[in-house]
Amino acid sequence: MSDWSHRHILDLATFSLEDFNSVLELANRFKDVPTKGTRKLPALQGRLITTLFFEPSTRTRSSFELAAKRLSADVQSFTPTSSSLSKGETPIDTALTYVAMGADVLIVRHSSTNVPDQLASYLDATGSKTAVLNGGDGLHSHPSQGLLDLYTLAKFFNPNNPKPEAIKGKRIVIVGDILHSRVARSNLWALTACGANVVLCGPPTLLPYEFADFVNAPPPGQSHDPVAKRGQITIFRSLKEAFKGADAVMTLRLQKERMRQNLITDLYQYHYEYGITHESLKWCKQKVPVLHPGPVNRGVEMSSALLEDTSICLVKEQVQNGIPIRMALLYLLATRV
Ligand code: CP
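Residues numbered from 1 in each chain as written. Predicted model: local features only at pLDDT ≥ 70, side-chain atom pairs only at ≥ 80, totals over all residues. Heavy atoms only, no water.

**Notes on the overall build of the protein**
No. 1: A count of helices and strands for the protein gives 11 helices and 9 strands.
No. 2: In summary, the protein has a C-alpha radius of gyration of 19 Å against a globular reference of 20 Å for 337 residues, a match within 12%.
No. 3: Taking the principal axes of its C-alpha atoms as reference, the protein extends roughly 55 × 45 × 40 Å.
No. 4: At a minimum sequence separation of 6, the contacts of the protein that also span at least 24 residues come to 80%. (Helix = DSSP H or I, 4+ residues; strand = E, 2+ residues; numbered from the N terminus. Rg over C-alpha atoms; globule rule 2.2 N^0.38 Å. Contact = heavy atoms within 4.5 Å.)

Here's what the structure looks like:
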């Protein structure tokens, strides 16, 4: 952990393989804390963690708050509907109000891309020590989700030693609305960094061919890729083709508002072509795990029966693994401020 260099956690595009190793190793050390002994560690006693969610969340926000409490930090939450946003205060000025109250880490979710980056740049420029952790911004990035998905897959493939190398060479299929998904983008950076080959599958309106080149160049503002050799990305339109040789399947929430934009015409047709069911999983060569970041539209991106089949569906494990992953992220940031 001594090599950890990130003052903020904004995007997994900036993570090296060592960074992924550090987070998974620390999460694995924290994994039993919520169920054993006093169920807490004193590691962040006296630190102040603030969740600033300008967009709704069930999993991410509560999981970060619980992770902070498991490390004995103080937790402060912000509720947009009863805040001074309604009086015209900007998100950045709202965040700076919490910085002035002494927040050590601000976890920020916003519907606009780059709000966490803008805040981090402002804090750096003004000499503030407060760290920013991206809780999901626009279509850009959802780092803690990408990391908990990686940990869930590593635990599935190697339960006794869940390191990034457990997924090297695996064929991971991501299905659905890739274009509008910050989760997919974070997973692309994480999975390819660890040597997985990613197969993307979806209709052309939700998955443009440009995604095949997604990790071929560093994102804007980054001069080089911190990962020497990444896994590959390929695109299939047909689920049957995509599933050939799959080692794991991840499906994404279909944002129903996309129907209003005419990007899909019929949810039943979408489910027929891209919905994951016990039947469609027979196209895989073997029994594979199915992941979904949540929230799930039952009967759209996956069948209810599959969602409830805990021998295949890892949604519950993803939620559980989110706690030690977020404990690790908070520990890495808050012990350095
Ligand atoms: N996966 C995810 O980000 O869920 P929430 O929107 O409930 O936080």
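**Structural notes on the site of the ligand**
No. 1: The ligand sits among Ser57, Thr58, Arg59, Thr60, Arg109, His142, Gln145, Pro293 and Gly294.
No. 2: Take serine 57: an N or O atom from its side chain is 2.6 Å from an oxygen atom of the ligand.
No. 3: At a separation of 2.8 Å, an oxygen atom of the ligand approaches a polar backbone atom of threonine 58.
No. 4: Calculation on the ligand without its partners gives an accessible area of 260 Å², and the protein chains cover 91% of this total.
No. 5: By residue class, the composition of the shell around the ligand is 1 nonpolar, 6 polar and 2 charged.
No. 6: When residues are assigned to domains, the shell around the ligand turns out to be shared by domain 1 (12–141 + 319–334) and domain 2 (143–318), each giving three or more. (Near = heavy atom within 4 Å. Polar contact = N/O pair within 3.5 Å; in protein donor to acceptor, adjacent residues only side chain to side chain. Areas by Shrake-Rupley, 256 points an atom, 1.4 Å probe, with all protein chains shown as cover. Nonpolar A, V, L, I, M, F, W, Y, C, P; charged D, E, K, R; others polar. Domains from an automatic or database assignment.)

**Some details on the pattern of salt bridges**
No. 1: Counted by the stated rule, this structure contains 9 salt bridges.
No. 2: Across the pair arginine 29 and glutamate 25 runs a salt bridge whose closest N-O atoms are separated by 3.7 Å. With a gap of 4 residues between them, arginine 29 and glutamate 25 both fall in helix α1 (residues 17–30), about one helical turn apart.
No. 3: Residue arginine 29 is classed as exposed on the basis of its relative accessible area of 55%.
No. 4: Residue glutamate 25 is classed as partly exposed on the basis of its relative accessible area of 41%.
No. 5: When the shortest N-O distance is used, the salt bridge between arginine 61 and glutamate 65 registers 3.4 Å. You can see arginine 61 and its partner glutamate 65 sitting in helix α2 (residues 59–70), 4 residues apart, about one turn around the helix. (Salt bridge = Lys/Arg side-chain N within 4 Å of Asp/Glu carboxyl O. Buried < 20%, exposed > 50% of the residue type's maximum accessible area, 1.4 Å probe, protein only.)

**Quick word on the packing of aromatic side chains**
No. 1: Overall, the coordinates contain 9 aromatic pairs when judged by the stated rule.
No. 2: Ring centres 5.3 Å apart and planes at 50° place the aromatic pair tryptophan 189 and phenylalanine 214 in the tilted group. Here phenylalanine 214 lies in the loop between β6 (197–201) and β7 (233–236) and tryptophan 189 lies in helix α6 (residues 182–193), a separation of 25 residues in the sequence.
No. 3: For tryptophan 189, a relative accessible area of 4% translates into the label buried.
No. 4: What links up through ring pairs into an aromatic cluster is the set Trp4, Phe15 and Phe20.
No. 5: The cationic tip of arginine 237 hangs over the ring face of tyrosine 209; the distance from NZ or CZ to the ring centre is 4.4 Å.
No. 6: Over the ring of phenylalanine 64 we find arginine 326; its NZ or CZ atom is 5.0 Å from the centre of that ring. (Phe/Tyr/Trp six-rings, centres within 6.5 Å; stacked < 30°, edge-to-face > 60°. Lys NZ or Arg CZ within 6 Å of the ring centre and 35° of its normal.)

**Considerations on the domain arrangement of the protein**
No. 1: By the assigned domains, the protein splits into domain 1 (12–141 + 319–334) and domain 2 (143–318).
No. 2: Summarising the inter-unit geometry, the C-alpha centres of domain 1 and domain 2 are found 24 Å apart.
No. 3: Contacts between the two partners involve 34 residues from domain 1 and, on the opposite side, 36 residues from domain 2.
No. 4: When domain 1 packs against domain 2, the two sides together hide about 2,800 Å² of surface, and 61% of this comes from carbon and sulfur.
No. 5: Linking domain 1 with domain 2 are 1 salt bridge, by the criterion used here.
No. 6: Between glutamate 55 and arginine 182 there is a salt bridge, with its nearest N and O atoms 2.8 Å apart.
No. 7: Summed over the shared surface of domain 1 and domain 2, the number is 17 residue pairs in polar contact (both at pLDDT 80 or more).
No. 8: Broken down by secondary-structure element, the contributors of at least two residues to the side of domain 1 that touches domain 2 are α1, α2, β3 (105–110), β4 (131–137) and α11 (315–334). (Buried area = accessible area lost by both parts, 1.4 Å probe.)

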